[in-house]
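# Architecture and fold: a report
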Amino acid sequence: MALNLNKVILAGRLTAAPEVKQTQNGKAVCNFRIAVNRRFATQGDHPESDFFPCQAWGNTAEFIGRYFPKGAAICVTGRIQNHTWEKDGQKHTTTEVIVEEANFVESKSEAATIAATASAAPTVPSFHFEK
């Protein structure tokens with residue numbers, strides 16, 4: 001029996017404003033990166049973060065582009081996808097999350113505060129999950 005399961009759920013903050021573009025066929029595609037704090041801090045009180053490149057298509061891409069500015073909290077569900085290519089004889093691989101669903105994590109007032117300060121904030125606001 002073959003086991004085929006590729007599902008990821010991430011909650012984090014956008015590191016920059018999402019880029020929404022249109023393909024030649026008119027389909028929306030959105031590229032963005034989210035920072036996800038690790039559950040436990042390894043040094044001191046500040047947890048380390050992992051950064052995940054994400055891509056969404058169609059209505060999901062438009063939704064993210066419209067409602068999630070830089071620094072906004074987001075929860076995405078999707079799948080992991082690898083891309084491999086060769087350049088100058090060297091093999092390269094990149095891994096990204098193909099987002100199938102995106103959800104709000106904060107209240108409207110929290111999101112509005114993030115949106116209002118996003119252009120002035122030099123870094124991504126930190127956050128962590130409580131047990």
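### Side note on the pattern of salt bridges
One pass over the structure, following the stated rule, counts five salt bridges. Here Lys21 ties to Glu19 by a salt bridge, and the two come within 3.6 Å at their closest N and O atoms. Linked by salt bridges that have partners in common, Arg38, Glu48 and Asp50 make up one network.

### Points about the pairing of strand β3 (residues 28-37)
β3 sits mainly inside the fold: eight of its 10 residues count as buried. Sheet analysis places strand β2 (residues 19-22) next to β3, joined by four bridges and oriented antiparallel. Along β3, the bridge assignment pairs Lys21 with Val29. Counting the residues in the hairpin turn of β2 and β3 gives five residues, including Gly26, whose phi is positive at 85°.

### Some details on unusual backbone geometry
Phi angles above zero are rare outside glycine, and Asp88 is one such case at about 55°. Overall, the relative accessible area of 74% leaves Asp88 in the exposed class.

### Quick notes on the pairing of strand β6 (residues 90-104)
Pairing of strand β4 (residues 49-57) with β6, which is carried by three bridges, proceeds in the parallel orientation. Bridged to Cys54 within β6 is Val97. With 14 bridges connecting them, strand β5 (residues 73-87) and β6 associate as antiparallel partners. Its bridge partner being in β6, Gln81 is matched across the sheet by Glu96. The loop that links β5 with its antiparallel partner β6 comprises two residues; one of these, Asp88, has a positive phi angle of about 55°.

### Quick word on the confidence of the model for the protein
Scored by pLDDT, the protein comes out at a mean of 86, with 81% of its residues at no less than 70. Contacts from residues 121-131, a stretch scored under 50 in pLDDT, to residues over four places away or in other chains number 20 contacts.

### Let's talk about the packing of aromatic side chains
Scanning the model with the defined rule gives five aromatic pairs in all. Consider the rings of Phe63 and Tyr67, whose centres lie 5.4 Å apart with planes at 50°: the pair is tilted. Here Phe63 pairs with Tyr67, and both are found in helix α1 (residues 58-67), just four residues apart, close to one helical turn. Judged by relative accessible area, which is 24%, Phe63 ranks as partly exposed. Ring centres of Tyr67 and Phe104 lie 6.1 Å apart, and the angle between their planes is 75°; on these two criteria the pair is classed as edge-to-face. With a gap of 37 residues between them, Tyr67 in helix α1 and Phe104 in strand β6 connect regions that are remote in the sequence. Exposure remark for Tyr67: the relative accessible area of 43% places this residue in the partly exposed category. One aromatic cluster is present, formed by Phe63, Tyr67, Phe68 and Phe104 through successive ring pairs.

Analysis parameters
- Residues numbered from 1 in each chain as written.
- Predicted model: local features only at pLDDT ≥ 70, side-chain atom pairs only at ≥ 80, totals over all residues.
- Heavy atoms only, no water.
- Salt bridge = Lys/Arg side-chain N within 4 Å of Asp/Glu carboxyl O.
- Buried < 20%, exposed > 50% of the residue type's maximum accessible area, 1.4 Å probe, protein only.
- Helix = DSSP H or I, 4+ residues; strand = E, 2+ residues; numbered from the N terminus.
- Pairing = 2+ DSSP bridges.
- pLDDT = per-residue confidence, 0-100.
- Contact = heavy atoms within 4.5 Å.
- Phe/Tyr/Trp six-rings, centres within 6.5 Å; stacked < 30°, edge-to-face > 60°.

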